[in-house]
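Residue-level structural notes
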Amino acid sequence: MTGRVLRAVLTQRAILLAIMIVIVLAVFTVLDLTGGLSGRYNSDYLAGALITVVPTAMLGLAELLVIVSGRGGIDLSVGSMVSLVGMIFGFLYGVWGFGLAFSIVAAVLVGGLLGAVNGLLVAYLRFPALIATLATYYAYKSIAIVINAQQPINSAPIQGLFGTAQSVELPLIGRYLPLIPLGTVIFLLPTALIVWYVIDRSPYGRRLYAIGTNDVAATWSGIDVAGTRFWAYAGAGAVSGLVAVVTVGQFASARPDAGTSGNGMALPAITIAVLAGVAITGGIGRVSGVILAALLISWLNAGILLTFAGNVGTQTQLLALGVLLIGAALLNGYTNRRFQVLG
């Protein structure tokens, strides 16, 4: 019985992450009740912290697509794509006066095009993904900076998008729940559902897992390995393009460094993917794990900020992130060796 429970916890990453979330919530709730925190660690605070989950979880889903595709799949350029597409979106909607719907669709398409460049380099020209996406990271980052002479775009239409970052009451059940950031409903949830359907329910998803597991066997099975891998990178770019819209709304400004300032957005997204149980070797990973990993990191970081004051809290967050990443990598390796499966 104990062995079966241990196997379930180790092989079903969603179960392990759910347990870790419960532990984090319990620890910080006890600290809150005993006066060990500088503020209240309650449902309203946790709901407000979800605003950080929206972009990081979406980029974690983007990394899921490329890492599952195998052959060392990774995308270091997602943050710079967010910056560049955000600036293009800022011009379209905030300067040139195009409609909001058109500008959002254009942002997704431009992001997909930028991701397709990565896909071309990795899938068809067979560049190592690390080198290819590092090169495009620098290219996209520099274009984002010079495209508007290093200046953000914060016109009135752009500032009006700040409403998408506000917390709202959910219909029907909202009076029983704390206010939820609007982006969770209009951006994250649809993206998660689409990515889940694509990789778990569509024929493309079966091909994606197949090439990630063994692209030689997939080739002999008649699968277009290069084409399948190409569309994974294009899809990651499209998701990054939508994240650009999210960040413009959260900042009320199209910033040329939105996805690259500080530690950038790429490394936290990769961390979330690894913590979610996505195997760096490819062929393994689930949407549910990405969402739960993003929640775990967000609520852990929220508690740390209430435990440690000032810059100490920020540095402790990075330390915790590093510890989680190392632990997840070790656990992924052990689970793959022991059970040959990871969910």
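Described in the following lines is the structure provided in the data block. Values in this document were obtained by computation on a predicted structure and should not be read as measured data.

1. As for the side chain of Thr191
Among the secondary structure elements, Thr191 is positioned in helix α9 (residues 182-200). Thr191 sits in the buried class, given a relative accessible area of 8%. Side-chain polar atoms of Thr191 contact the backbone oxygen of Phe187, separated by 2.7 Å. If sequence neighbours within four positions are ignored, Thr191 has contacts with Met58, Leu61, Val239 and Leu242.

2. Examining the packing of aromatic side chains
Here the structure, examined in full by the defined rule, presents eight aromatic pairs. A centroid spacing of 5.4 Å and a plane angle of 25° characterise the contact between Phe91 and Trp96, whose relative ring orientation is stacked. Under the relative-accessibility criterion, Phe91 is labelled buried at 13%. Among the aromatic side chains, those forming a connected cluster through ring pairs are Phe28, Tyr41 and Tyr45. Sitting above the plane of the Phe251 ring, Arg255 keeps its charged end 4.3 Å from the centroid.

3. Focus: the nonpolar core
Counting residues in each nonpolar core, the largest one holds 95 residues, and the members touching the most others are Met58 and Leu64. Excluding residues that lie within four positions of it along the chain, Leu64 makes contacts with Val195, Ile199, Val278, Gly285, Arg286, Val287 and Val290.

4. Quick look at the pattern of salt bridges
If you walk through the whole model with that rule in mind, you get three salt bridges. A salt bridge links Asp32 to Arg40, with the shortest nitrogen-to-oxygen separation between them at 3.2 Å. Judged by its relative accessible area of 53%, Arg40 is exposed. The salt bridge partner of Asp257 is Arg255, with a shortest N-O separation of 3.2 Å.

5. As for the layout of surface pockets
Roughly 960 Å³ of volume is contained in the largest pocket. Thr52, Thr56, Gly264, Pro268 and Asn301 are the residues nearest the centre of the largest pocket, which is lined by 33 residues in total. Only α4 (53-68), α12 (225-251), α13 (266-275), α14 (287-307) and α15 (310-339) provide two or more residues apiece to the lining of the largest pocket. For the lining of the largest pocket, the residue count by class is 18 nonpolar, 15 polar and no charged. Each pocket or cavity is described by its volume, and for the second largest pocket that value is around 260 Å³. Every residue lining the second largest pocket is counted, 13 residues in all, and those nearest its centre are Ile194, Val195, Gly235, Ala238 and Val239.

6. Concerning empty space enclosed by the protein
Overall, the coordinates contain one cavity of 30 Å³ or more when judged by the stated rule. Looking at the largest cavity, its volume works out to about 30 Å³. Forming the boundary of the largest cavity are Ile51, Val54, Thr164, Ala165, Pro181, Gly183, Thr184, Val246 and Gln250. Listing elements by their share of the lining of the largest cavity, those giving two or more residues are α9 and α12.

7. Things to note about the side chain of Thr271
The topology assignment puts Thr271 in helix α13. Aside from chain neighbours lying at most four places away, what touches Thr271 is Ile297, Leu321 and Leu325.

8. Some details on helix α7 (residues 129-146)
Here α7 spans 26 Å end to end across 18 residues, near enough to the 26 Å set by a 1.5 Å rise per residue. Those residues of α7 not exposed but buried are Ala129, Ala132, Thr133, Thr136, Tyr137, Tyr140 and Ala144. Projection of α7 onto a plane perpendicular to its axis shows the buried side chains occupying an angular sector of 140°, all on one side. For α7, the exposed residues set more than 90 degrees away from the buried face come down to Tyr138 and Val146. Those residues of α7 hidden inside the fold are in contact with α5 (78-95), α6 (100-124) and α12.

9. Observations concerning the environment of Gly249
Secondary-structure assignment places Gly249 in helix α12. Of the residues examined, Gly249 reaches a relative accessible area of 0% and is grouped as buried. Between the C-alpha atoms of Gly249 and Gly86, which are 163 residues apart in sequence, the distance is 9.9 Å. Excluding residues within four positions of it along the chain, Gly249 makes contact with Leu161, Phe162, Thr164 and Ala165.

Calculation notes
- Residues numbered from 1 in each chain as written.
- Predicted model: local features only at pLDDT ≥ 70, side-chain atom pairs only at ≥ 80, totals over all residues.
- Heavy atoms only, no water.
- Helix = DSSP H or I, 4+ residues; strand = E, 2+ residues; numbered from the N terminus.
- Buried < 20%, exposed > 50% of the residue type's maximum accessible area, 1.4 Å probe, protein only.
- Polar contact = N/O pair within 3.5 Å; in protein donor to acceptor, adjacent residues only side chain to side chain.
- Contact = heavy atoms within 4.5 Å.
- Phe/Tyr/Trp six-rings, centres within 6.5 Å; stacked < 30°, edge-to-face > 60°.
- Lys NZ or Arg CZ within 6 Å of the ring centre and 35° of its normal.
- Core = buried A, V, L, I, M, F, W, Y, C linked by side-chain atoms within 4.5 Å.
- Salt bridge = Lys/Arg side-chain N within 4 Å of Asp/Glu carboxyl O.
- 1 Å grid on protein atoms, 1.4 Å probe; cavity = no way out; pocket = protein on both sides within 12 Å on 5 of 7 lines; lining within 4 Å.
- Points joined across faces, edges and corners; volume = space filled by probe spheres on them.
- Nonpolar A, V, L, I, M, F, W, Y, C, P; charged D, E, K, R; others polar.
- Expected span 1.5 Å × (residues − 1).
- Arc of directions from axis to C-beta.

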